[in-house]
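Below are the chains, spelled out letter by letter.
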Amino acid sequence: GGSEGTGAAFARALAARGLNCILVARREAPLAALAAGIRAESGVECVTAAIDLGAADAIERIVAAVGTRDVGLYVANAGADTRGSGFLDVGIEHWIGLVNLNVLNTMRCCHHFGGAMRARGRGGIILVGSGACYGGMSGLAVYAGSKAFDLCFGEALWSELRPHGVDVLNLVLGRTDTPALRALLAARGLP
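Because the structure is a prediction, the values reported are computed rather than measured.

Criteria and cut-off values
- Counting starts from 1 at the beginning of each chain's written sequence and moves along it residue by residue.
- Predicted model: local features are reported for residues with pLDDT of at least 70 only, side-chain atom pairs are reported and counted for 80 or more only, and whole-chain, interface and lining totals are derived from all residues.
- Hydrogens and waters are ignored; side-chain quantities use all the structure's heavy atoms.
- For two strands to be treated as a pair, DSSP must find no fewer than two bridges joining them.
- Per the convention used, a helix needs a DSSP run of H or I reaching at least four residues, while a strand needs a run of E reaching at least two, with both numbered from the N terminus.
- To define axes, lines are fitted to C-alpha atoms, for helices over the stretch in contact only, and angles between the resulting N-to-C directions are given on a 0 to 180 degree scale.
- Exposure classes here rest on a 1.4 Å probe applied to the protein chains alone. A residue is buried below 20% of its type maximum, exposed above 50%, and partly exposed in between.
- In this analysis, two residues are considered to be in contact whenever any of their non-hydrogen atoms come within 4.5 Å of each other.

Draft legend 1. Structural context of the sheet that holds strand β5 (residues 166–173). Taken together, the 3 strands give an open sheet; going across it, the order is β3-β4-β5, and neighbouring strands pair in parallel fashion. Two strands lie at the open edges of the sheet, namely β3 (73–76) and β5, each paired on one side alone. The sheet shows a mean angle of 15 degrees between the axes of neighbouring strands, direction not considered. Direction of pairing for β3 relative to strand β4 (residues 123–130): parallel, over a ladder of 4 bridges. Of the residues in β4, the one forming a bridge with Leu-73 is Gly-124.

Right, dumping it as C-alpha coordinates:
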(Lines give C-alpha, C1' and ligand atoms only; values in the text may rest on other atoms or scores of the structure.)
Protein backbone atom coordinates (compact mmCIF):
# COMPACT_ATOMS: atom_id res chain seq x y z
CA GLY A 1 0.00 0.00 0.00
CA GLY A 2 2.78 2.41 -0.90
CA SER A 3 1.07 4.87 -3.25
CA GLU A 4 -0.52 7.34 -0.82
CA GLY A 5 -1.33 8.07 2.81
CA THR A 6 0.70 6.29 5.45
CA GLY A 7 2.35 4.03 2.85
CA ALA A 8 3.79 7.03 1.03
CA ALA A 9 4.89 8.52 4.35
CA PHE A 10 6.67 5.29 5.27
CA ALA A 11 8.39 5.15 1.88
CA ARG A 12 9.61 8.74 2.10
CA ALA A 13 10.85 8.30 5.69
CA LEU A 14 12.69 5.07 4.91
CA ALA A 15 14.23 6.49 1.73
CA ALA A 16 15.39 9.56 3.66
CA ARG A 17 17.32 7.12 5.86
CA GLY A 18 19.01 5.61 2.80
CA LEU A 19 16.87 2.49 2.33
CA ASN A 20 16.04 1.42 -1.20
CA CYS A 21 12.31 0.92 -1.67
CA ILE A 22 9.99 -1.40 -3.52
CA LEU A 23 6.57 0.24 -3.64
CA VAL A 24 3.52 -1.93 -4.25
CA ALA A 25 -0.07 -0.73 -4.73
CA ARG A 26 -2.89 -1.02 -7.27
CA ARG A 27 -2.52 2.24 -9.14
CA GLU A 28 0.53 2.73 -11.37
CA ALA A 29 0.37 6.53 -11.80
CA PRO A 30 0.54 7.45 -8.08
CA LEU A 31 3.27 4.83 -7.55
CA ALA A 32 5.35 6.23 -10.41
CA ALA A 33 4.93 9.81 -9.15
CA LEU A 34 5.91 8.86 -5.61
CA ALA A 35 8.92 6.85 -6.82
CA ALA A 36 10.13 9.78 -8.95
CA GLY A 37 9.80 12.09 -5.95
CA ILE A 38 11.65 9.69 -3.68
CA ARG A 39 14.48 9.27 -6.17
CA ALA A 40 14.81 13.05 -6.52
CA GLU A 41 14.66 13.65 -2.75
CA SER A 42 16.91 10.86 -1.53
CA GLY A 43 18.74 9.31 -4.47
CA VAL A 44 17.85 5.76 -3.44
CA GLU A 45 16.68 3.02 -5.77
CA CYS A 46 12.88 2.98 -5.87
CA VAL A 47 11.11 0.20 -7.79
CA THR A 48 7.36 0.12 -8.33
CA ALA A 49 4.93 -2.72 -8.95
CA ALA A 50 1.26 -2.07 -9.69
CA ILE A 51 -0.36 -5.07 -8.01
CA ASP A 52 -3.82 -5.49 -6.52
CA LEU A 53 -2.92 -6.67 -3.02
CA GLY A 54 -6.39 -8.16 -2.66
CA ALA A 55 -5.93 -10.48 -5.64
CA ALA A 56 -5.33 -14.18 -5.15
CA ASP A 57 -2.09 -14.05 -7.19
CA ALA A 58 -0.62 -11.00 -5.43
CA ILE A 59 2.22 -12.88 -3.70
CA GLU A 60 3.47 -14.40 -6.95
CA ARG A 61 3.50 -10.96 -8.58
CA ILE A 62 5.23 -9.38 -5.57
CA VAL A 63 7.93 -12.05 -5.50
CA ALA A 64 8.50 -11.54 -9.24
CA ALA A 65 8.77 -7.76 -8.78
CA VAL A 66 11.26 -8.13 -5.94
CA GLY A 67 13.38 -10.54 -7.95
CA THR A 68 16.75 -11.28 -6.35
CA ARG A 69 16.74 -8.24 -4.07
CA ASP A 70 17.03 -8.84 -0.33
CA VAL A 71 14.12 -7.32 1.56
CA GLY A 72 15.36 -6.24 4.97
CA LEU A 73 12.16 -4.52 6.09
CA TYR A 74 8.67 -5.52 5.01
CA VAL A 75 5.93 -2.99 5.76
CA ALA A 76 2.39 -4.34 5.36
CA ASN A 77 0.49 -1.09 5.04
CA ALA A 78 -2.45 -1.70 2.70
CA GLY A 79 -5.80 -2.62 4.08
CA ALA A 80 -8.42 0.14 4.06
CA ASP A 81 -12.08 -0.64 3.47
CA THR A 82 -13.50 2.47 1.82
CA ARG A 83 -17.03 1.03 1.65
CA GLY A 84 -17.84 0.73 5.33
CA SER A 85 -20.85 -1.37 4.39
CA GLY A 86 -22.90 -3.80 6.41
CA PHE A 87 -21.74 -7.37 5.94
CA LEU A 88 -24.84 -8.49 4.04
CA ASP A 89 -25.18 -5.25 2.06
CA VAL A 90 -22.47 -6.06 -0.50
CA GLY A 91 -21.48 -9.22 -2.32
CA ILE A 92 -19.22 -11.73 -0.63
CA GLU A 93 -16.56 -11.10 -3.30
CA HIS A 94 -15.86 -7.71 -1.71
CA TRP A 95 -15.20 -9.34 1.66
CA ILE A 96 -13.08 -12.10 0.13
CA GLY A 97 -10.92 -9.41 -1.46
CA LEU A 98 -10.58 -7.64 1.89
CA VAL A 99 -9.57 -10.89 3.63
CA ASN A 100 -7.07 -11.57 0.83
CA LEU A 101 -5.66 -8.09 1.36
CA ASN A 102 -5.57 -7.94 5.16
CA VAL A 103 -5.06 -11.58 6.08
CA LEU A 104 -4.02 -14.04 3.39
CA ASN A 105 -1.63 -11.91 1.34
CA THR A 106 -0.19 -10.27 4.45
CA MET A 107 0.42 -13.76 5.83
CA ARG A 108 1.91 -14.94 2.53
CA CYS A 109 4.29 -11.97 2.36
CA CYS A 110 5.35 -12.43 5.99
CA HIS A 111 6.03 -16.10 5.30
CA HIS A 112 8.07 -15.37 2.18
CA PHE A 113 10.06 -12.38 3.40
CA GLY A 114 10.18 -13.48 7.04
CA GLY A 115 11.67 -16.81 6.00
CA ALA A 116 14.52 -15.07 4.18
CA MET A 117 15.04 -12.70 7.13
CA ARG A 118 15.20 -15.59 9.59
CA ALA A 119 17.75 -17.36 7.38
CA ARG A 120 19.89 -14.18 7.26
CA GLY A 121 19.51 -13.62 11.01
CA ARG A 122 18.21 -10.07 10.66
CA GLY A 123 15.29 -8.06 9.36
CA GLY A 124 12.07 -6.39 10.30
CA ILE A 125 8.35 -6.63 9.68
CA ILE A 126 5.88 -3.84 10.41
CA LEU A 127 2.19 -4.71 10.30
CA VAL A 128 0.23 -1.47 10.07
CA GLY A 129 -3.17 -2.00 11.61
CA SER A 130 -6.18 -0.12 12.80
CA GLY A 131 -7.77 0.55 16.16
CA ALA A 132 -10.71 -1.37 14.70
CA CYS A 133 -8.73 -4.48 15.71
CA TYR A 134 -9.89 -4.03 19.30
CA GLY A 135 -13.58 -4.66 18.64
CA GLY A 136 -16.23 -4.95 15.98
CA MET A 137 -18.75 -2.34 14.99
CA SER A 138 -21.50 -1.94 12.46
CA GLY A 139 -20.14 -1.50 8.96
CA LEU A 140 -16.69 -2.81 9.88
CA ALA A 141 -17.28 -6.50 10.60
CA VAL A 142 -14.78 -8.00 8.16
CA TYR A 143 -12.36 -5.08 8.38
CA ALA A 144 -12.23 -5.22 12.18
CA GLY A 145 -11.97 -9.02 12.17
CA SER A 146 -9.12 -8.98 9.67
CA LYS A 147 -7.24 -6.31 11.60
CA ALA A 148 -7.71 -8.35 14.80
CA PHE A 149 -6.11 -11.27 12.98
CA ASP A 150 -3.17 -9.05 12.00
CA LEU A 151 -2.69 -7.94 15.61
CA CYS A 152 -2.62 -11.49 17.00
CA PHE A 153 -0.55 -12.70 14.06
CA GLY A 154 2.03 -9.95 14.56
CA GLU A 155 2.31 -10.62 18.28
CA ALA A 156 2.94 -14.31 17.58
CA LEU A 157 5.51 -13.53 14.86
CA TRP A 158 7.31 -11.19 17.25
CA SER A 159 7.68 -14.06 19.70
CA GLU A 160 8.73 -16.60 17.07
CA LEU A 161 11.17 -14.45 15.10
CA ARG A 162 12.80 -12.42 17.88
CA PRO A 163 15.33 -15.15 18.74
CA HIS A 164 16.39 -15.13 15.08
CA GLY A 165 17.21 -11.41 14.89
CA VAL A 166 13.97 -10.43 13.15
CA ASP A 167 11.94 -7.64 14.73
CA VAL A 168 8.16 -7.60 14.28
CA LEU A 169 6.07 -4.58 15.16
CA ASN A 170 2.32 -4.03 15.13
CA LEU A 171 1.61 -0.38 14.49
CA VAL A 172 -2.04 0.17 15.41
CA LEU A 173 -3.25 3.49 14.05
CA GLY A 174 -6.17 5.44 15.40
CA ARG A 175 -8.20 7.69 13.12
CA THR A 176 -5.63 8.97 10.63
CA ASP A 177 -6.18 11.57 7.91
CA THR A 178 -5.58 9.50 4.79
CA PRO A 179 -7.14 9.53 1.32
CA ALA A 180 -8.90 6.24 2.16
CA LEU A 181 -10.53 7.71 5.28
CA ARG A 182 -11.54 10.82 3.39
CA ALA A 183 -13.15 8.66 0.68
CA LEU A 184 -15.11 6.71 3.29
CA LEU A 185 -16.30 9.89 5.02
CA ALA A 186 -17.28 11.45 1.69
CA ALA A 187 -19.24 8.34 0.70
CA ARG A 188 -21.16 8.63 3.96
CA GLY A 189 -21.72 12.38 3.55
CA LEU A 190 -19.62 13.16 6.63
CA PRO A 191 -17.13 16.01 7.05
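Draft legend 2. Spotlight on the side chain of Asn-100. Structurally, Asn-100 is set in helix α4 (residues 92–120). With relative accessibility at 10%, the residue Asn-100 sits in the buried group. Once residues lying within four places of it in the same chain are set aside, the contact partners of Asn-100 are Leu-53, Gly-54, Ala-55, Ala-56, Asn-105, Thr-106 and Arg-108.

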